[in-house]
Amino acid sequence: MSAPTAQRATVTLRAGELRAADVRALLCDDAALALDPAAKADVDRAADVVASIAAQDASVYGVNTGFGKLAQTRIPRGKLADLQRNLVISHACGVGPLLPREVVRLVLALKVNSLARGYSGVRWPVIQTLLACLERDVLPAIPGQGSVGASGDLAPLAHLSAALIGVGDAVVAGRRLPATEALTSANIALLELQAKEGLALLNGTQVSTALALRALVGAEDLLAASLVAGALTIEAALGSVRPFDARIHAVRGHASQSDVAAAVRCLIEGSEINESHRDCGRVQDPYSLRCIPQVLGACLRTLRDSAAILVDEANAVSDNPLVFADTGEVISGGNFHAEPVALAADAMAVAIAEIGNISERRCALLVDPAFSQLPAFLATEPGLESGYMIAQVTAAALASENKGLAHPASVDSIPTSAGQEDHVSMATHGARRLDDMLRNAANIVAIELLSAARGIAFRRPLRTSSTLEAVLAEIAPDGGGTGDRYLSPEIERVAALVRAGRFTPLVASLFPTTT
């Protein structure tokens, strides 16, 4: 498997038309973002509506009133700029580790996409400032905890907003600096917030959506690696490919199941190992092999459905209130409620747990000589050596940990803001916890990949398919090795390949973000 050529792409964005493939480019390829300037006309029209309201005496929520439970308080015209600055500073209450660079970049891109739709009432320079931060890699320091995923991701987005006005910190080239210093050194002017602009910046679902989209990309990479690992395990355990016959899956009617079966057939095609036991007499394999299309096909369907939801949300206008320039109205609603993101994140959590569960079961098959017909625990001299005995135990521990993490976050609403926000989504931590689950599952799949490579070493001189031989050359360059060995660094090395999407190109046609 040759390494892909690194080349920085540019995502050219028409407001409201971000694609799943653009998300992968922004997250994984460090792509630049260019906004179609045609968006400016709609942005300017909405900003003019807000400016007109601010100059008049009528009370309009978000423009000249307090917020949340304080919405009945009318703010004098001379204090509207103070209102926005106070809102941003007071809401910057996040705690915990900072969000990683790729997530903050995506948050900025999503905020640009939403504001550029022209329903938020901000001026064009606000969007230009966000784009400048992306272009010059001046990234607001955003703590990861503090959002309940309703009224938008208020605390984390307040930290983003605060950095733009010179409050708090920003990260530049890995260094955390005072925001004013970071912006000044990059020749980015500090924003002076006008009516409604602070609210538009900190209201919205961009943090929870960015976290969920990062998990979607990671889950696609995980599923790709799991399919490769499953194919290798079929080879190592002399499993049958008959259950992958296209006719079986066609009559059930689930496209994702058929797609997974086809992918496994393609991975194994041309294998000497598979041909060597065509008439072996084994009637049925355990479900963790035989039902790969049914289980991983269902997981694939979940990821595809989640991708559709999350791409919709990535293109959404999710702040409040909204400005409809064609009628001059400003209407308060609830698009900031992140329930779609929360439910998608919970569905992905279950899928990630299942990918790990079935992979761990295949690890168990490989170390069990009663099924695999390989030496016990894949040891060269069982008894003297323990082989992969404890590697499978580690996989079991991680699978069990993920079962607990898969509990839905969205069912745990808690009222906030003196009861005004009486039902919340918990989307942000529901999406954030997926990274821990993906890390656990990547380690499980890495253990399966290494175990299968060791199993195939016992089948030599027979060879698997050319595709899988290339995988083996990368994950087990010593041919699977002999004797007991220090496995922890090997697991970490292969898990890093899983997390980096190293196996995704082998089945890229399956996934929304790679097609």
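Basis of the calculations
Residues numbered from 1 in each chain as written. Predicted model: local features only at pLDDT ≥ 70, side-chain atom pairs only at ≥ 80, totals over all residues. Heavy atoms only, no water. Pairing = 2+ DSSP bridges. Helix = DSSP H or I, 4+ residues; strand = E, 2+ residues; numbered from the N terminus. Buried < 20%, exposed > 50% of the residue type's maximum accessible area, 1.4 Å probe, protein only. Salt bridge = Lys/Arg side-chain N within 4 Å of Asp/Glu carboxyl O. Expected span 1.5 Å × (residues − 1). Arc of directions from axis to C-beta. Contact = heavy atoms within 4.5 Å.

**Comments concerning the pairing of strand β7 (residues 175-178)**
On a regular strand, each side chain points to the face opposite its neighbour's, so the side chains alternate between the two faces of the sheet.
Okay, step 1: By the bridge criterion, 4 bridges tie strand β6 (residues 169-172) to β7 in an arrangement that is antiparallel. The residue bridging Ala170 from the neighbouring strand is Leu177, located in β7.
Okay, step 2: What sits between the antiparallel neighbours β6 and β7 is a turn of 2 residues, in which Ala173 has the positive phi angle 50 degrees.

**Considering the side chain of Ser372**
Okay, step 1: Relative to the helices and strands, Ser372 resides in helix α16 (residues 369-372).
Okay, step 2: A residue is classified by how much of its surface remains accessible, and Ser372, at 0% relative accessible area, is buried.

**Here's the deal with the pattern of salt bridges**
For side chains of opposite charge, pairing can occur when their charged atoms come near one another.
Okay, step 1: Within this structure, the stated rule accounts for 28 salt bridges.
Okay, step 2: Where Asp319 meets Lys196, a salt bridge forms, and the shortest distance between an N and an O atom there is 3.2 Å. Note that Asp319 is positioned in the loop between α14 (292-314) and β8 (322-324) and Lys196 in the loop between α7 (179-185) and α8 (197-202), a separation of 123 residues in sequence.
Okay, step 3: Assessed through its relative accessible area of 1%, Asp319 is described here as buried.
Okay, step 4: The shortest N-O distance in the salt bridge between Arg301 and Asp305 comes to 3.1 Å. Here Asp305 and Arg301 lie together in helix α14, a separation of 4 residues that amounts to about one turn.

**Observations regarding unusual backbone geometry**
Okay, step 1: Residues Asn320 and Pro321 are joined by a peptide bond in cis, for which omega reads 0 degrees.
Okay, step 2: Residue position: Pro321 is located in the loop between α14 and β8.
Okay, step 3: That bond from Arg460 to Pro461 is cis: its omega, 15 degrees, falls within 30 degrees of zero.
Okay, step 4: With respect to the secondary-structure elements, Pro461 resides in the loop between α19 (434-457) and α20 (466-475).
Okay, step 5: One non-glycine residue, Leu238, adopts positive backbone phi at about 55 degrees.
Okay, step 6: Looking at the secondary structure, you find Leu238 in the loop between α9 (206-236) and α10 (246-252).

**So, helix α17 (residues 389-405)**
Okay, step 1: Helix length check: α17 (17 residues) gives 25 Å between terminal C-alpha atoms against 24 Å at 1.5 Å per residue, within 8%.
Okay, step 2: Listed as buried for α17 are Ala391, Gln392, Ala395, Leu398, Ala399 and Asn402. The arc enclosing the buried residues of α17, seen along the axis, measures out at 120 degrees, which places them on a common side. Opposite the buried face of α17, by more than 90 degrees, sit the exposed residues Ile390, Lys403 and Gly404.
Okay, step 3: In the core, the buried residues of α17 are packed alongside α15 (339-366) and α19.

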